Structure formats: structure tokens, C-alpha cells
Amino acid sequence: MSLATRNGTPSVDAPVNPPTVVRQRRVRPGLLGLAVLLIALGGLGAAFAVTSVRATGSYLAVARPVEVGREISAADLVTVQVAGGQGLRPVPAARLDEVVGKRAAVALLPGTLLTLGQVTDDPLLGPGQQQIALGLKTAQVPARELHPGDKVLLVSTPDNDADGDKAAAGTRFTATVIDMVSPASDDKVLYLALLTRDVPAVVALAAQQRLAVVLTEAA
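Residues numbered from 1 in each chain as written. Predicted model: local features only at pLDDT ≥ 70, side-chain atom pairs only at ≥ 80, totals over all residues. Heavy atoms only, no water.

Things to note about the overall build of the chain
Now for step 1: When you go through the chain residue by residue, the secondary structure sums to 4 helices and 11 strands.
Now for step 2: Evaluated residue by residue, the chain yields a buried proportion of 26% over its 219 residues.
Now for step 3: Within the chain, counting contacts between residues at least 6 apart in sequence, those at least 24 apart form 64% of the total.
Now for step 4: If you sum the accessible surface of the chain, you get close to 14,800 Å²; carbon and sulfur atoms cover 57% of it. (Helix = DSSP H or I, 4+ residues; strand = E, 2+ residues; numbered from the N terminus. Buried < 20%, exposed > 50% of the residue type's maximum accessible area, 1.4 Å probe, protein only. Contact = heavy atoms within 4.5 Å. Areas by Shrake-Rupley, 256 points an atom, 1.4 Å probe, with all protein chains shown as cover.)

Re the sheet that holds strand β10 (residues 187-195)
Now for step 1: Pairing is antiparallel across the open sheet formed by 5 strands, whose spatial order is β7-β10-β9-β8-β11. Each having just a single partner strand, β7 (129-137) and β11 (211-217) make up the two edges of the open sheet. With strand direction ignored, the average angle separating the axes of adjacent strands in the sheet is 40°.
Now for step 2: As defined by bridge partners, strand β8 (residues 151-156) adjoins strand β9 (residues 172-181) across 5 bridges and the pair is classed as antiparallel. (Pairing = 2+ DSSP bridges. Axes fitted to C-alpha atoms, helices over the stretch in contact; angles between N-to-C directions.)

What to know about the confidence of the model for the chain
Detailed reading of the predicted model is not advised wherever pLDDT is low.
Now for step 1: Summing up the model confidence of the chain, the mean pLDDT is 77 and the portion of residues at 70 or higher is 67%.
Now for step 2: The least confident element of the chain, judged by mean pLDDT, is strand β1 (residues 2-3) at 49; the most confident is helix α2 (residues 96-99) at 93.
Now for step 3: Counted against residues more than four places away or in other chains, residues 47-54, with its pLDDT under 50, gives 1 contact. (pLDDT = per-residue confidence, 0-100.)

Observations regarding helix α4 (residues 199-207)
Now for step 1: Of the positions making up α4, those classed as buried are Val199, Val202 and Leu205. Angular distribution of buried residues about the axis of α4 spans 130°; they occupy a single face of the element. Away from its buried face, by an angle of more than 90 degrees, α4 presents the exposed residues Pro200 and Ala207.
Now for step 2: On its buried face, α4 is in contact with β7, β8, β9, β10 and β11.
Now for step 3: Phi for Gln209, located one or two positions after α4, is positive at around 55°. (Arc of directions from axis to C-beta.)

Comments concerning the nonpolar core
Now for step 1: Among the nonpolar cores identified, the biggest contains 19 residues, and Leu134, Leu154, Leu190, Leu192, Leu194 and Val202 are the most heavily contacted of them.
Now for step 2: Contributing elements (two or more residues each) for this core: β7, β8, β9, β10, α4 and β11.
Now for step 3: Take this core: its biggest share by element is 4 residues, from β9.
Now for step 4: Setting aside its immediate chain neighbours within four residues, Leu192 contacts Gln130, Gln131, Ile132, Leu134, Val152, Leu154, Ala175, Thr176, Val177 and Ile178.
Now for step 5: Core analysis: the next-biggest nonpolar cluster, separate from the first, contains 12 residues, Ala93, Val99, Ala104 and Leu114 among them. (Core = buried A, V, L, I, M, F, W, Y, C linked by side-chain atoms within 4.5 Å.)

Set out below in C-alpha cells:
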């Protein structure tokens, strides 16, 4: 390359910079494999999201409280949409006719999904039995949770207003647990199958808060 000077002197050749050589980066096989793996995982995540959305179905939920042993009506239930409900095993809404007319095996609470284990066709009461509900404190219950089928003994506690042997005498009643509900308070509601002849005495003792519950046989 020649450059001309202002005074007319002959041009001189200026040095020419050599061309810059751009080196091509070498792709590491490990990084390429990682990129392919990330793309594959992203595709699987998208497929899982689509599958979860498609798994949404209609199921039965409890619309209002249903006591143990009461016959279930259509008004007690409501249809809800649940994603991935198959893993929870709720009752599909299409099986409403199979549930209506059955009895609640446990207390049904509003806002919960209904399962087949919560309903029954079997009689909850044996011959000569009646259902009774007892409101008890936690300290009066032999376990944190009693389960349907547990055998219990109801024992009357001493009457503080009575004297002598009458105050110390304890009357015993055998019963079978149908269900137990634990409200937000410290109270427990115990549903029992009790012989009809024992119901009046147990109700009177419960009103005086003179009952203790003893677990004799677990289901």
C-alpha cells in the first residue's frame, strides 16, 4: 500500500497488517449431550402438564353434613372438577345413582371428596341396638382416634352428691364404635351402637358428665 506526501516526495510503502484469522470454536461432545438432555426434559415436562390437564374429571363431593348411618340423598352431594383425581380414588360423578340411597359409614363433612369407603349397604346397628352420640372431652376418650368396629365399655363415674357405696358403684355398658368426629374444639363426638335397653341410662349419665370410655377390643 502506497501513501503520497504533501511535498511531492515519492510515495512510500506502508506496512500492511496481516488479516485476522477467526478460530472456529470446537463444540465439546459433553455440552452437546447436556443441551439435548435439557431439551428432552423440557418436552417431557410439557407433556406431563398436558396430561395433568387432560386428567381433570368430574367427581362427587359432600355438599352438607351427613350423620353416620343416615341415608344419602342427591341433595347431600355436589359435582366438582378435580385434576388428577384418579389417585385420590373419589367417586366419579357418573356413579351418583349408585351412591344415593346408601348410608354414610362415617360422618360426611362438607367440602370433602366422597369415596366408596365412606358409604355402605350393611346395617350399622345390630338387632336390638340404637345409635347414640356422646359429646366427650379428649381426656375421656381412651385413644386419639377410635375407629368403626372398635368395642368399648362405658363406665359410670361416682356421683359426688351420693353417699357411701352408691357413690362408688360403677355401672357398665358395652357398645360398638360407629364413628368418631373431632371438631375444632377439644370435644369429641362419639357415635355408638348401644343396646336399646341401655340408652336411657347412658343418656342420663352423659348429661351429668359421669361417663368414662374404655377401649376393650380394637377393630
